[in-house]
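# Architecture and fold: a report
As a plain string of letters, each chain reads:
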Amino acid sequence: MDDKNSIITVKSVNLIIGKNEILKDISVSFEKGKIHGLIGRNGSGKTMLMKCICGFIKPTSGEIIVDESRVGKDIDFPKNMGIIIETPGFIPYYSGYKNLKLIAGLNNKINKEQIKQSMKQVGLDPELKRHVRKYSLGMRQRLGLAQAIMENPDILILDEPFNGLDKDGVKDMREYLLSYKEQGKTILICSHSAEDITVLCDTVHEMDKGAITTIKDI
């Protein structure tokens, strides 16, 4: 569990909301520089586990350590993490580039060219003036991924990142994520597609009723 190669460690995490036990005594670690898959039916707890790792939801008990910092204690939100959880939300009457520029301004870590480069990497034209409200679902997903990667984080947390993408879009995104792993990055991905998991992942963690039931290497 305390493997020095682990960049994310979850220790005895439970999450109870109202009378519902959402996560049940989860202990798992995710090794640095690999793509890790989370699979399971809707309601199995995958998204909630991701939200706990990201600091969006505080577990009822247990501990989550990301890059040697305890989430909710040492830090509120893990640094150096790019996130897509559920449908990315953007200002609908701004262009894609303007949305990313606004978000990038919060940290002031990257310049205009780096923002534009992140859009190009996911197949979007940064010069496109179209408002995001006129984007297709696939374009919104690409913009969400551009936001997740634009500050070059060491960790990506991606919940169903291929939703709305056509076959070519899925192929492009898979290739991009594999190249990202080659740079030593760590990716935790949740997908309904068995093919996504097989093509991308080094390990697979299956969840059911709030617990991790099986872990296997691919």
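Everything below is about the structure shown above.
Read on for an overview of the structure. (Residues numbered from 1 in each chain as written. Predicted model: local features only at pLDDT ≥ 70, side-chain atom pairs only at ≥ 80, totals over all residues. Heavy atoms only, no water.)

### Let's talk about the overall build of the chain
Looking only at helices and strands, the chain has 6 helices and 10 strands in total. A globule of 218 residues ought to have a C-alpha radius of gyration of about 17 Å, and the chain, at 17 Å, matches this closely. In terms of overall dimensions, the chain has a C-alpha envelope of 50 × 35 × 35 Å along the principal axes. Put simply, the chain has 218 residues, and 46% of those count as buried. At a minimum sequence separation of 6, the contacts of the chain that also span at least 24 residues come to 64%. Carbon and sulfur atoms make up 46% of the accessible area of the chain, which amounts to about 11,300 Å² in all. Once the 32 positive and 29 negative side-chain charges of the chain are each reduced to a mean point, those two points are 7 Å apart. (Helix = DSSP H or I, 4+ residues; strand = E, 2+ residues; numbered from the N terminus. Rg over C-alpha atoms; globule rule 2.2 N^0.38 Å. Buried < 20%, exposed > 50% of the residue type's maximum accessible area, 1.4 Å probe, protein only. Contact = heavy atoms within 4.5 Å. Areas by Shrake-Rupley, 256 points an atom, 1.4 Å probe, with all protein chains shown as cover. Lys, Arg positive; Asp, Glu negative; His and termini not counted. Charge placed at Lys NZ, Arg CZ, Asp CG, Glu CD.)

### Structural notes on the sheet that holds strand β8 (residues 186–190)
Strand order in the open sheet formed by 6 strands is β6-β7-β8-β3-β9-β10, with mixed pairing between adjacent strands. Because the sheet does not close on itself, it has two edges, and the strands there are β6 (81–84) and β10 (211–217). Taking the axes of each pair of neighbouring strands and ignoring which way they run, one obtains an average angle of 15 degrees across the sheet. Judged from the 5 bridges that link them, strand β7 (residues 155–159) and β8 form a sheet pairing that is parallel. Residue pairing across strands places L156 opposite I187, the latter belonging to β8. The strands touched by helix α1 (residues 46–54) within the sheet are β3 (35–39), β6, β7, β8 and β9 (203–208), with β7 carrying the most contacts at an inclination of about 150 degrees. Strand contacts of helix α5 (residues 167–182): β3, β7 and β8, with the helix running at about 150 degrees to β8, the strand carrying the most contacts. (Pairing = 2+ DSSP bridges. Axes fitted to C-alpha atoms, helices over the stretch in contact; angles between N-to-C directions.)

### Let's talk about the sheet that holds strand β2 (residues 20–31)
Taken together, 4 strands build an open sheet; the order of strands is β2-β1-β4-β5 and the sheet is antiparallel. The open sheet is flanked by β2 and β5 (69–70), the only strands paired with a single partner. Bridging between strand β1 (residues 6–17) and strand β4 (residues 61–66) involves 5 bridges; their strand directions are antiparallel. Directly across from V10, in β4, lies its bridge partner I64.

### Examining the pairing of β7
Of all 5 residues in β7, 5 are buried; the element is thus mostly enclosed. Neither face of β7 is left uncovered, since the one carrying I155, I157 and D159 and the one carrying L156 and L158 both have all their residues buried. Bridging between β6 and β7 involves 4 bridges; their strand directions are parallel. Bridge assignment links M81 to a residue of β7, and that residue is I155. In this region the chain leaves β7, passes through α5 and returns to the parallel neighbour β8; the handedness of that crossover is right-handed. (Right-handed = clockwise from strand over helix to strand, strands pointing away.)

### Looking at the nonpolar core
Core analysis: the biggest nonpolar cluster contains 35 residues, and L177 and I189 have the highest contact counts within it. A per-element tally of this core places helix α4 (residues 137–149) first, with 6 residues. With sequence-adjacent residues up to four places away left out, L177 is seen in contact with I35, L156, L158, F162, I187, I189 and L200. Residues V13, I53, V66 and I85 belong to the second largest nonpolar core, which totals 25 residues. (Core = buried A, V, L, I, M, F, W, Y, C linked by side-chain atoms within 4.5 Å.)

### Concerning the pattern of salt bridges
Tallying each qualifying case throughout the model produces 10 salt bridges. One salt bridge connects D154 with K185, and the closest N-O pair in it is separated by 3.4 Å. One end of the pair, D154, is in the loop between α4 and β7; the other, K185, is in the loop between α5 and β8, and 31 residues separate them in sequence. The class for K185 is buried, based on a relative accessible area of 6%. Of the charged contacts, one joins R174 and D196 as a salt bridge, the two residues approaching to 2.6 Å between their closest N and O atoms. Of this pair, R174 sits in helix α5 while D196 sits in helix α6 (residues 194–200); the two residues are 22 residues apart in sequence, bridging distant segments of the chain. By relative accessible area, which is 13% here, R174 ends up buried. Using a relative accessible area of 4% as the deciding quantity, one classes D196 as buried. Beyond isolated ion pairs, a larger network of salt bridges with shared partners links R174, E195 and D196. (Salt bridge = Lys/Arg side-chain N within 4 Å of Asp/Glu carboxyl O.)

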